[in-house]
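Observations on chain architecture
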Amino acid sequence: MQYSLLVISQESGDAGITEEDMEWGRAAFDAYAKSLDAAGVLVSADILQPVATSTTVSLRDGALQIQDGPFADTKERLNGTFVINVPDLDAALEWAGKCPAAQYGAIEVRPSAIIFTDGQWRQVA
């Protein structure tokens, strides 16, 4: 079963994170990604740029609307994703608990419903 681990936390600038703290975080996330990969469960991983770099696009009444910034203005942000392929929710929750961001933010675990592989969509059981 494929799950997305959505890393939700304050951005480093908003949380007062120092460069020294960032070094710990980089090392911790590197080790975490490598452990997922070594276990053979990592599908993909993304650490996102700050929300200030985002652009939100919507289509309303046939008109494309482009807005600088995020869709929602909140304290905590989606800061990254890990997509993993594990046997069940219990395994996904175990990996989510090992994510460094679980110590200061939250990890939303969400199963995939449909995935696109080998040029086609397929429903996940």
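Residues numbered from 1 in each chain as written. Predicted model: local features only at pLDDT ≥ 70, side-chain atom pairs only at ≥ 80, totals over all residues. Heavy atoms only, no water.

- Naming follows an unreviewed UniProt entry, where the chain appears as YciI family protein of Cryobacterium lactosi.
- Note on the chain: under the UniProt heading Sequence similarities (unreviewed entry), the record states "Belongs to the YciI family." (UniProt positions renumbered as here; feature names shortened; annotations may be inferred.)

1. Thoughts on the environment of Gln-2
- Tracing the sequence through the fold places Gln-2 in strand 1 (residues 2-9).
- Between the C-alpha atoms of Gln-2 and Pro-111, which are 109 residues apart in sequence, the distance is 6.0 Å.
- Each residue touching Gln-2, except ones within four places of it in the same chain, is listed here: Val-43, Val-83, Ile-84, Asn-85, Arg-110, Pro-111, Ser-112, Ile-115 and Val-124. (Helix = DSSP H or I, 4+ residues; strand = E, 2+ residues; numbered from the N terminus. Contact = heavy atoms within 4.5 Å.)

2. What to know about the sheet that holds strand 6 (residues 106-111)
- Pairing is antiparallel across the open sheet formed by 4 strands, whose spatial order is 2-5-1-6. Only two strands of the sheet have a single partner each, and these edge strands are strand 2 (42-47) and strand 6. The average undirected angle you get between the axes of adjacent strands in this sheet is 20 degrees.
- As defined by bridge partners, strand 1 adjoins strand 6 across 6 bridges and the pair is classed as antiparallel. The residue bridging Ile-8 from the neighbouring strand is Ala-106, located in strand 6.
- The strands that helix 2 (residues 19-38) touches are strand 1, strand 2 and strand 5 (77-85); relative to strand 5, the one it contacts most, it runs at about 20 degrees. (Pairing = 2+ DSSP bridges. Axes fitted to C-alpha atoms, helices over the stretch in contact; angles between N-to-C directions.)

3. Some words on the packing of aromatic side chains
- The tally for this structure, following the rule as stated, stands at 3 aromatic pairs.
- Ring geometry for Phe-29 versus Phe-82: centroids 6.3 Å apart, planes at 5 degrees, classification stacked. Of this pair, Phe-29 sits in helix 2 while Phe-82 sits in strand 5, placing them 53 residues apart in sequence.
- According to the relative accessible area criterion, Phe-29 is buried, its value standing at 15%.
- Given a relative accessible area of 2%, Phe-82 falls into the buried group.
- Members of the aromatic cluster, each reached through a chain of ring pairs, are Phe-29, Tyr-32 and Phe-82.
- Sitting over the ring of Trp-95, Lys-98 keeps its end group 4.6 Å from the ring centre. (Phe/Tyr/Trp six-rings, centres within 6.5 Å; stacked < 30°, edge-to-face > 60°. Buried < 20%, exposed > 50% of the residue type's maximum accessible area, 1.4 Å probe, protein only. Lys NZ or Arg CZ within 6 Å of the ring centre and 35° of its normal.)

4. Let's talk about the pairing of strand 1
- The buried count for strand 1 comes to 7 of 8 residues, which makes it a mostly enclosed element.
- In this structure, strand 1 lies alongside strand 5, joined through 8 bridges in antiparallel fashion. Bridge assignment links Val-7 to a residue of strand 5, and that residue is Gly-80.

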